[in-house]
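What follows is the residue order along each chain.
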2 protein chains.
Amino acid sequence: MSSRWIYGFDALDAASERCGDDWDTVRGLLGGKGANLADMTRLEIPVPPGFTITSEACNAFLDSGEILPEGLTNELTMALRQVEQMTGKIFGDPANPLLLSCRSGAKFSMPGMMDTVLNIGLNDEVADGIADIFGDRHFALDSYRRLIQMFSTVVMGIPDEPFEDTLRGFREKREVENDGDLPIEDLESIVERFLKVFRNHTGRDFPSDPMEQLTMAVEAVFRSWNGRRAYAYRHAAGIDHDLGTAVNVQTMVFGNLGPDSATGVAVSRNATTGEPKIDGDFLMNAQGEDVVAGIRQTSTIEDLGRLMPEQHSELLRYAQILERHYTDMQDIEFTIESGKMWLLQTRDGKRTAQAAVRIAVDLVSDGIITKDEALMRVSPEQVEFFLHPQFDSDAKKIAVSRGRRLTQGLNVSPGAAVGVAAFDADLAEKWATERNDAVILVRPETKPDDVHGMLASAGVLTSSGGRTSHAALVARQFGKPAVVGAREVDLDLEARTMTVGPHVVKEGDWISIDGTTGEVFLDRIETSLPEIDDPWLMGVLSWADDVRDLDVWTNADYPADAEKAAKFGANGIGLCRTEHMFFDAARLPIVQGMIMASTETERLEALAELLPLQRSDFAGLFRAMDDKRVIIRLLDPPLHEFLPDRHDLIRKSTDLKIQLMNASNLQEVNALVREIEETEHILSRVESLHESNPMLGLRGVRLALLMPEIPEMQIRAIFEAALIVLDEGLTPRVGIMIPLASEASELLPMRDIMDRVAEEVLGDRADELDYEFGSMIETPRAAVTAGSLAESAEFFSFGTNDLTQMTFGISRDDAEKAFLLDYLNLGVLATNPFNTLDRLGVGTLIRSATEAGRATRPGIHVGICGEHGGDPASIALCDEIGLDYVSCSPLRVPVARLAAAQAVLNRPNRATEHLEPHRDLAEGVVADAR
Amino acid sequence: MSSRWIYGFDALDAASERCGDDWDTVRGLLGGKGANLADMTRLEIPVPPGFTITSEACNAFLDSGEILPEGLTNELTMALRQVEQMTGKIFGDPANPLLLSCRSGAKFSMPGMMDTVLNIGLNDEVADGIADIFGDRHFALDSYRRLIQMFSTVVMGIPDEPFEDTLRGFREKREVENDGDLPIEDLESIVERFLKVFRNHTGRDFPSDPMEQLTMAVEAVFRSWNGRRAYAYRHAAGIDHDLGTAVNVQTMVFGNLGPDSATGVAVSRNATTGEPKIDGDFLMNAQGEDVVAGIRQTSTIEDLGRLMPEQHSELLRYAQILERHYTDMQDIEFTIESGKMWLLQTRDGKRTAQAAVRIAVDLVSDGIITKDEALMRVSPEQVEFFLHPQFDSDAKKIAVSRGRRLTQGLNVSPGAAVGVAAFDADLAEKWATERNDAVILVRPETKPDDVHGMLASAGVLTSSGGRTSHAALVARQFGKPAVVGAREVDLDLEARTMTVGPHVVKEGDWISIDGTTGEVFLDRIETSLPEIDDPWLMGVLSWADDVRDLDVWTNADYPADAEKAAKFGANGIGLCRTEHMFFDAARLPIVQGMIMASTETERLEALAELLPLQRSDFAGLFRAMDDKRVIIRLLDPPLHEFLPDRHDLIRKSTDLKIQLMNASNLQEVNALVREIEETEHILSRVESLHESNPMLGLRGVRLALLMPEIPEMQIRAIFEAALIVLDEGLTPRVGIMIPLASEASELLPMRDIMDRVAEEVLGDRADELDYEFGSMIETPRAAVTAGSLAESAEFFSFGTNDLTQMTFGISRDDAEKAFLLDYLNLGVLATNPFNTLDRLGVGTLIRSATEAGRATRPGIHVGICGEHGGDPASIALCDEIGLDYVSCSPLRVPVARLAAAQAVLNRPNRATEHLEPHRDLAEGVVADAR
């Protein structure tokens, strides 16, 4: 059976048996769409009969230099014979013709990336036959011209323009908007012209043999697997290029056979809000592509209930069956042909972040999935989306009052986006990457070719299209705020302007769009961070909290950040960067005074001035994180960072000297000389602090050892703050963390200072305060010698930014400019190690350091801070290694909570017995796009 | 027995039994000197009777707040009683007085660092008694005044000046040079004055009770263990501060009792050349300190043969016994008291590097030690010393012909040294460390207080003293070139000048000294590197080659270096830094052109120009290393290193602009504008290449991946050179090494280039050439992922400089200035990790990377290059880890050969059965200095 190339939709059992009853293998063989069509057939859902040509056939074809594999043609004939028997129609028989569609369907969904040919089986005679049978010559000719056009472009690679130009010419002549409104005689002329275009471009006649049409269409779909667009998509999505695509050949059904015909798409729950109510669009007497194209105004599924109540309830029933079967919200394509309901496709529906969360929670309430499954249904990116900026409501009111609101379209993908308008995808991408501009892509509608521009943009605005248009689908998928179908927007692609009423927006002007409300504004509107008060999200995150092993802490330097993070669920502060407090405008002069101090006394005076300021900073953090650990890292950066830039000083000094040459009076000379002296004094200190590789220089604990008065001041401020907060009846829990250690003997003097200052400040009250001493693990040596560091450190925090820099020997400051992006493009590195923890290198060090630390001090508390703490893949690695916590920026805290739970659920040895028995099948459902 | 505090010199068996017959423990208990005195006593060598107070007593004394431990006083009385019985003299009995010396003696030799008191037991009455008994009042008074002076300074801490001033006063009055020439009446006055000085400073009388003298002296020696000088010495020498010192109390014998008395020191072999012939100095009718002080002109041991033949042959016999017993050349202190020979001390003698080597070889010939032992007798530093610069013989001839040779002294420590004259130790140290000057320390003579200045100096010159003077001993020990006893040198410490005949050298002027010949020159004389043709050294190194497992290669960038290294025994080139060839003045403009190229064509043209130059470089290396591996590292540094400095360019541009403001004619303006444009063009390229952390930036393989035409040119030049050399009938063995990789996928494209260029250049002849592809391991990540790097790399070379930088996160360029020296001073780091491989951190990475590399590719060739490759401690670590080779600079090759052998011999599991049975005792012999 190994060379069976074709499976009928009713042959799922045979395919499944061949695949060892493994659904994933079935999907590989039949493609996601083919597998689902067979699955639906088994569920007795009315699916138009058809069959699937396997992805193995595709690979055999591509591997052999595009020769159909032996036996395929024969199997094709047999499969066709079966479909003829099931439908009672005959392929190519004008008296009773069977028409077929031919669609790609790979294992993983690649929306719009590959090819489809409809109405196969039509030729002059069959078209006449159909006209007779249905008594509808208009329909027959329209179907025929569609076949010729699709076959020409998809199978033969003829450009679309001559066909579209022809259609436009007739529409303009007849002054109609839709091709469907053209009279029969026009359609006859159009068919003739199309056949001529075909001849002109190919040098042969359009194939009138239906079998030849079908074979050529199948080959074209196979070939499309290696098309440029599909290749690029797979590259971006990380899909294996060797999988190949299956081809689904299916009986055509027609939603355009008259008033008892219709076609549409429905989602079993609302894709924007997640509300548990069927939603969708349909068109009476139309073909499927008309719905998606967004040219005709669609009706809602509610309207279907009024217009065709029987079919409506049938659809509801099927949607429910499919949702239960696939355990997820379904996106269903249906056609009603002369009153008979057909389902053409089902797949897990795309949805907004909000909808994803609500649907996951509701599916649990409905008993369809478990909480664990629900946690896997929401992606960390979707949680992140809840934290996307929203327009500041006051700013929006002002904009409205000033008449800056241009229009309102469909709110298909929520969130606020502000950017310069770009009117094509290439320009959007160019501006976004080269100029680093925030861009709003504005298009009449979008096509698969535009995806790169959509991805590069902050948001998408289209003037046509509906809730299920390409723009809406893609924007939702990638979490881009989008407004579609803003019909008042008049885009002039020649003049590069967008006109809305009296307002003219030039390309490059700033606009703002609100994907949550559908509003479009002129200029920039201020955004603010949201609260997370969505009850479903709160529910999912609390389930995540029950599952996860990693604690989630936050990096926070200010009380306000700490409060925000606590609201987002942070259970402690893993990193307070004390130097950020030093950069405060009011404090910087004191810090500079400390650095420029020429005597010990001067330095101590400056430090004494800083102490009360730091103390009040720390007290604020302790209050915001009552009874939660607050890890304060002592001063880390090199001192020169607090002084003016060396080059600025050189330039200033040079400028002053030139001014001095031209000075006109003694007073001016004196003033300039004084200023020059001052500048040169600072410059000389800056130069004495200059290092050729400051990343590897005098900072962190090194500086602390050479100027112990600095850590002493900070530690004193910490303990004094803790006492104040203790006296307020709260419970501060202090962690004092040493940066950049690479040797146990660097920690000991710091620990001594801490112990001494604790004694001095706390005295008898030391027992009342919970405080710990810990070390960053930022240098590879610290990681390698972690066992001895743990002798004095009571906790470890991996500073993964620095650890990555030193482990790779890559300076982040320079690398992305200099070569790292090239590395990613060349494929030398698969991921940017500054975004996602490098498992093989840095990960290995973290793992062995954790083990060594625990061997020395069982139960030592170990976590990571740094940007990786909010990255889901990195969080999964931390879970795998068995760290105690991750610490990330406040905004990433909810993301990290979910990611940490998913890490647990994804553990290979995680028990799965409590999950629903159909889970494997459910997870397998990732169907192709239309 | 655990509280026995005192052991007589005849009680070695008891002490040994207590110490479990472990010689090392015996030495800990009795000190090196005490243990040896007991050992000599057992060998029936005539040693003046005495006893040792243990180091345990010292520690008990120091730990208890300076109270002598219980029982000690009683034991002291008993021990004294025994000595009285053995000598037949009575302590404190004017009629038959016993006089004692009291000397420190710790486990490890600390020459001159602790205290000695002689002539204990003298008081007014005993002095009178001695005068009567010996009929020599002069001797009695001189001994008495010495006791008072030593007791005052050593025990009571009174400054030496009042005593020395008194003596000088009398010498000047009598116009004599030596104190010994003063008449008896002067000595009486001197004793009186000394007693008065004592009273004035202490407020009490000089203790006339001999027992009180002895007790106080013992306590003073105990206390001296914690003296500033001793503490600093131990800190520098790495000796444990907890050991404590033993005290040796010994019967005084006198070499100044008349014409049949003498005192001297002898070495059993020549300490300068190693010649197997007894050598030394003695003085008739003198005390030991007179020999060392270098005030009186000493006689040689040959003279002793003429003057006292019986005692001379006795000395020879004892020297031979002791040498055989201790299996090493002995440094013996002897006194002949009225014809009776006494040995006061023996110890392994200090020696020059040349002597060390020859003695080791001769001891093997004499059957006294094995070859393995001989290898352990020579230190790597001593081998290094053979490679110290020597004066260029032509340069020296010219200096002589121009009258620049000032004088000739004793050639006590060989080698050439050039530096500025400094007339005291503090200044020498200051200039050497703060100004980084080469310094020659010039002193009348040196004392232990001067050691820090000697260590900081390039060489030492003294105007007095002999071959066994302090200056000579210390200089030999530390391998410093030294000339002593240059009596024509007249040093005026007030005027800070040194006058030699007509020549006046001011402090800070340049001088040159030749420790090999004893010559002293004005000004700087050019030095050159020696050949190593010393037959004994060649012998030792060839024994080392038989023992060692590590191969020794060299780092060489030029054919001349490679040839030199091959002569020194290098078995390959582990690192050729190709960029050094780029810095050649003739090539730099081409390299700059390549970097500044605005088109691909321009760059390729510049590379084409470089190719033949590189080809001829490589051919030279292959010729010099015929049939040995030559590993060529492709271009490593960042490109900006080949361009002018950024600040220089900014300054130049600013200067030109100021000139332009003042330009007087159009021609000048045009020229300036052109120059400014050019400068700014280069500046803009330099700025585009600027990185904030270049160490972690765009260099090495990163650059190669972005500009593959550079490695391609280099690889082509390598293969073309190999073909040329192959055609000459030689056997080039090529290694192509990629710098800075941290990921397997960085190596693959480089390997592809190599394979392709090999194909293009070698064609059919590929089989004739042995070539390999390898990787530096310089980043921690490379070390951690070495297993996957080994999939394409056929060899590894650890770049330990960079690996140390990145593992510690320390930039070598900055660190020593910024904090590393502070770290060493503060004791945060015990050794500078850039000098000696960091075992715990970097060493761990090297070990695991080597294991991982071998797991992937069994037998992968692994070594280190970088400066650690020539450091003995680092070589030992490489041996322990099991690397295949070390590669070091040509001059370090002989050092590395020995160090690699010693590493094998020091392995803990190394079989020792073939060694002499007395080896343990022999190794234990490290006696104190006088």
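Refer to the structure above for everything that follows.
In short, a report on the structure. Treat the numbers as computed from the prediction; the structure is a model and nothing was measured.

Observations regarding the environment of A131 of chain A
All names here are of chain A.
Item 1. Among the secondary structure elements, A131 is positioned in helix 5 (residues 124-134).
Item 2. By relative accessible area, which is 7% here, A131 ends up buried.
Item 3. Note: C-alpha distance between A131 and P94 (37 residues apart in sequence) is 9.7 Å.
Item 4. For A131, the contacting residues outside a window of four places in its chain are D136, R137 and A140.

A short note on the sheet that holds strand 20 (residues 490-492) of chain A
Residues and elements named next belong to chain A.
Item 1. The strand order across the open sheet formed by three strands is 20-21-22, and the pairing between neighbours is antiparallel. Lying at the two open borders of the sheet, with one neighbouring strand each, are strand 20 and strand 22 (503-506). Across the sheet, the mean angle separating the axes of adjacent strands is 20° when strand polarity is ignored.
Item 2. As paired elements, strand 20 and strand 21 (residues 497-500) share three bridges and run antiparallel to each other. Within the sheet, the bridge partner assigned to L491 lies in strand 21 and is M498.

A look at unusual backbone geometry
Item 1. Positioned with a positive phi, S338 of chain A is a non-glycine residue whose angle comes to about 45°.
Item 2. Mapped onto the fold, S338 of chain A is located in the loop between strand 11 (330-337) and strand 12 (340-348).
Item 3. Taking relative accessible area as the criterion, S338 of chain A reaches 40% and is therefore assigned partly exposed.
Item 4. One non-glycine residue, N285 of chain B, lies in positive phi territory at about 50°.
Item 5. For N285 of chain B, the position within the fold is in the loop between strand 9 (279-284) and helix 11 (288-293).
Item 6. Classification of N285 of chain B as partly exposed rests on a relative accessible area of 35%.

So, helix 25 (residues 600-624) of chain A
Item 1. Relative to the 36 Å expected for 25 residues at 1.5 Å per residue, helix 25 of chain A spans 36 Å between its end C-alpha atoms, a close match to the ideal helical length.
Item 2. At L611 of chain A, helix 25 of chain A shows its largest bend, some 30°, and a proline, P612 of chain A, comes one to four positions later.

Definitions and cut-offs
- Residues numbered from 1 in each chain as written.
- Chains lettered and ligands numbered in written order.
- Predicted model: local features only at pLDDT ≥ 70, side-chain atom pairs only at ≥ 80, totals over all residues.
- Heavy atoms only, no water.
- Helix = DSSP H or I, 4+ residues; strand = E, 2+ residues; numbered from the N terminus.
- Buried < 20%, exposed > 50% of the residue type's maximum accessible area, 1.4 Å probe, protein only.
- Contact = heavy atoms within 4.5 Å.
- Pairing = 2+ DSSP bridges.
- Axes fitted to C-alpha atoms, helices over the stretch in contact; angles between N-to-C directions.
- Expected span 1.5 Å × (residues − 1).
- Bend = angle between axes of the 7 residues up to and from the residue.

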